[in-house]
Amino acid sequence: MKKYLIILFVIVIFAACKSPPPVVEETFTAVIEHIVEPEIEIIEPEFDILSIVIIQGELINTQFEAVLKIDNPNTFDMELSELKYQLYGNGLFWADGLEKDIFLIPALSSSENKFRFSMNFINMNRRLLDDVIAMRQVQYRFAGEVIVQALIPRVLPFTMKYDISGLSEVKPKAD
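A short tour of the structure in this document, coming up. It should be emphasised that the depicted structure is a prediction, and the values quoted were computed from it without experimental measurement. (Residues numbered from 1 in each chain as written. Predicted model: local features only at pLDDT ≥ 70, side-chain atom pairs only at ≥ 80, totals over all residues. Heavy atoms only, no water.)

**Regarding the overall build of the chain**
Here comes step 1: A count of helical and extended segments in the chain gives three helices and eight strands.
Here comes step 2: Residues classed as buried in the chain amount to 32% of the 175 residues present.
Here comes step 3: For the chain, the computed accessible surface area is about 11800 Å², with 57% contributed by carbon and sulfur atoms. (Helix = DSSP H or I, 4+ residues; strand = E, 2+ residues; numbered from the N terminus. Buried < 20%, exposed > 50% of the residue type's maximum accessible area, 1.4 Å probe, protein only. Areas by Shrake-Rupley, 256 points an atom, 1.4 Å probe, with all protein chains shown as cover.)

**Here we look at the sheet that holds strand E4 (residues 92-105)**
Here comes step 1: What the four strands build is an open sheet, ordered E4-E3-E6-E7; its pairing is antiparallel. Of all the strands in the sheet, the pair left with one neighbour each is E4 and strand E7 (158-168). Each neighbouring strand pair of the sheet contributes to a mean axis angle of 20°, computed without reference to strand direction.
Here comes step 2: Two elements, strand E6 (residues 138-150) and E7, share 11 bridges in a ladder whose sense is antiparallel. Pairing of Tyr 140 across the sheet is with Gly 166, part of E7. (Pairing = 2+ DSSP bridges. Axes fitted to C-alpha atoms, helices over the stretch in contact; angles between N-to-C directions.)

**Points about unusual backbone geometry**
Here comes step 1: Unusually for a residue other than glycine, Leu 108 sits at a positive phi of about 50°.
Here comes step 2: Within the secondary structure, Leu 108 is located in the loop between E4 and strand E5 (109-120).
Here comes step 3: Even without a glycine there, the phi angle at Arg 154 is positive, about 65°.
Here comes step 4: Residue position: Arg 154 is located in the loop between E6 and E7.

What follows is the structure in structure tokens.
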């Protein structure tokens, strides 16, 4: 009888030490896969200069205001916290600068912002001065980099380079 009790005891101990079936592990893995969030695709915003406006025109120093439009093609809001730029007119350097906390661009929308710069005509080509005085269109190039924050959880800010060019009218500031 003792033998039967010992054999029964060994069987119970082995049954208690048995590992869980592999089906439980597969189910756990499937649950983990559903918890992982899908990767979010971020489309870079698009820049455009709408106009360059003369604020105060003098023979040597002239104040300008550039109107910058940025389109957000994403389904979430974006914020531009820092914008470094170089602005060229008719192939010649005009100005450079740094703007901070400038844009909040709603999802699938656009925003405009104005920034001012000063240009000294002393070292400029006479033709550029004539174009500005005559309020003719100028060929511009606007280049630099911007820090972009997608306003969604767990997405880090990123730096984006831009380089756009086109024609812009030069017009006097409306009062």
